[in-house]
Amino acid sequence: MRVIAIAKASPELGGCDEEGGVIRKITLPLARREFLKGSGVLFGSLAVGTLLAGLAPSSAWALELKTLSSEQGQTLMAMGRILFPHKKLPDAVYALLAKDLDAKADTDAASAKLLKDGAAWLNQSAAGNFAKASRATREQIVRGMEGTAFFAMVRGQCVTSLYDNDMAYAVFGYPGSAWEKGGYITRGFQDLKWLPALSKEASPPPYMG
């Protein structure tokens, strides 16, 4: 599993059925703006009172882009929200999508051209600013790009960028890896709270050999 460096080493996150588990603190990709020397910068803050704001030492975050501009990064973030919409995920998570795409652009000229041209097309189709267009307009524009190489690249990157990071884990309630703790079978494998309780016959004790 790919690990995105957004959290420092910290105590383990408690398992599904461990009431005394320690909630892992999150270190946001924060940087002083005067030290950012890249082509673009994405920055923002977490909403006060939210789960992530309570786990992070600071509500402010910033990410540096090496090849893409700030506007192009914001456009890609907005496209990511259309492709994989999650109201609970803050912009800081979607900024990871832009940063990962920027990393591709930084190492491959063809990818850089594809992303820059795609972002320009999105903005042109939205009368100049895709990120600020209405949701209906953005969705219509993105649907019109299905089947293109640009669409495929952004959608494919969304899968890992948006879901394989500590912020998403905290929002969705994923307790983290369990293989080194013996797996999930004895650690809340059947603790789904949104399903009705099953009978003992339908859900027998696990076979432990």
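We now turn to the structure provided with this report. What you are looking at is a predicted structure, and each value in this text was computed from that prediction instead of being measured. (Residues numbered from 1 in each chain as written. Predicted model: local features only at pLDDT ≥ 70, side-chain atom pairs only at ≥ 80, totals over all residues. Heavy atoms only, no water.)

Comments concerning the overall build of the protein
- When helices and strands are tallied, the protein shows seven helices and two strands.
- Listing each helix as α and each strand as β along the protein from the N terminus yields β-α-β-α-α-α-α-α-α.
- For the protein, the proportion of its 209 residues judged to be buried stands at 38%.
- Of the contacts formed within the protein by residues at least 6 apart in sequence, a portion of 69% connects residues at least 24 apart.
- With an accessible surface of roughly 12400 Å², the protein has 57% of that area assigned to carbon and sulfur atoms. (Helix = DSSP H or I, 4+ residues; strand = E, 2+ residues; numbered from the N terminus. Buried < 20%, exposed > 50% of the residue type's maximum accessible area, 1.4 Å probe, protein only. Contact = heavy atoms within 4.5 Å. Areas by Shrake-Rupley, 256 points an atom, 1.4 Å probe, with all protein chains shown as cover.)

What about the environment of Lys-113?
- You can see Lys-113 is positioned in helix H4 (residues 109–125).
- Residue classification places Lys-113 among the exposed residues on the basis of a relative accessible area of 54%.
- C-alpha separation for the pair Lys-113 and Phe-150, spaced 37 residues apart in sequence, amounts to 9.9 Å.
- A distance of 2.6 Å separates the side chain of Lys-113 from the side chain of Asp-117, its partner in a polar contact. (Polar contact = N/O pair within 3.5 Å; in protein donor to acceptor, adjacent residues only side chain to side chain.)

Here's the deal with the nonpolar core
- One finds Met-79, Leu-115, Phe-130, Phe-150 and Val-154 to be the most contacted residues of the largest nonpolar core, which totals 42 residues.
- With nine residues, helix H3 (residues 91–107) is the largest single contributor of residues to this core. (Core = buried A, V, L, I, M, F, W, Y, C linked by side-chain atoms within 4.5 Å.)

Remarks on the packing of aromatic side chains
- Applying the stated criterion across every chain, the model contains three aromatic pairs.
- Their ring planes at 40° and their centres at 6.1 Å tell us that Tyr-163 and Phe-172 sit as a pair that is tilted.
- For Tyr-163, a relative accessible area of 27% translates into the label partly exposed.
- Aromatic rings pair up to connect Phe-84, Tyr-163 and Phe-172 into one cluster. (Phe/Tyr/Trp six-rings, centres within 6.5 Å; stacked < 30°, edge-to-face > 60°.)

A look at H3
- Along its 17 residues, H3 runs 25 Å from first to last C-alpha, staying within 8% of the 24 Å computed at 1.5 Å per residue.
- On its buried side, H3 packs onto strand E1 (40–45), strand E2 (60–65), helix H2 (70–83), H4, helix H6 (149–163) and helix H7 (166–172). (Expected span 1.5 Å × (residues − 1).)

Observations concerning the pattern of salt bridges
- A complete count under the given rule lists three salt bridges for this structure.
- Among the ionic pairs, Arg-81 bridges to Asp-91, the shortest N-O distance being 3.1 Å. Separated by ten residues along the polypeptide, Arg-81 in helix H2 and Asp-91 in helix H3 bring together distant segments of the chain.
- Looking at Asp-91, the relative accessible area reads 40%, which means it is partly exposed. (Salt bridge = Lys/Arg side-chain N within 4 Å of Asp/Glu carboxyl O.)

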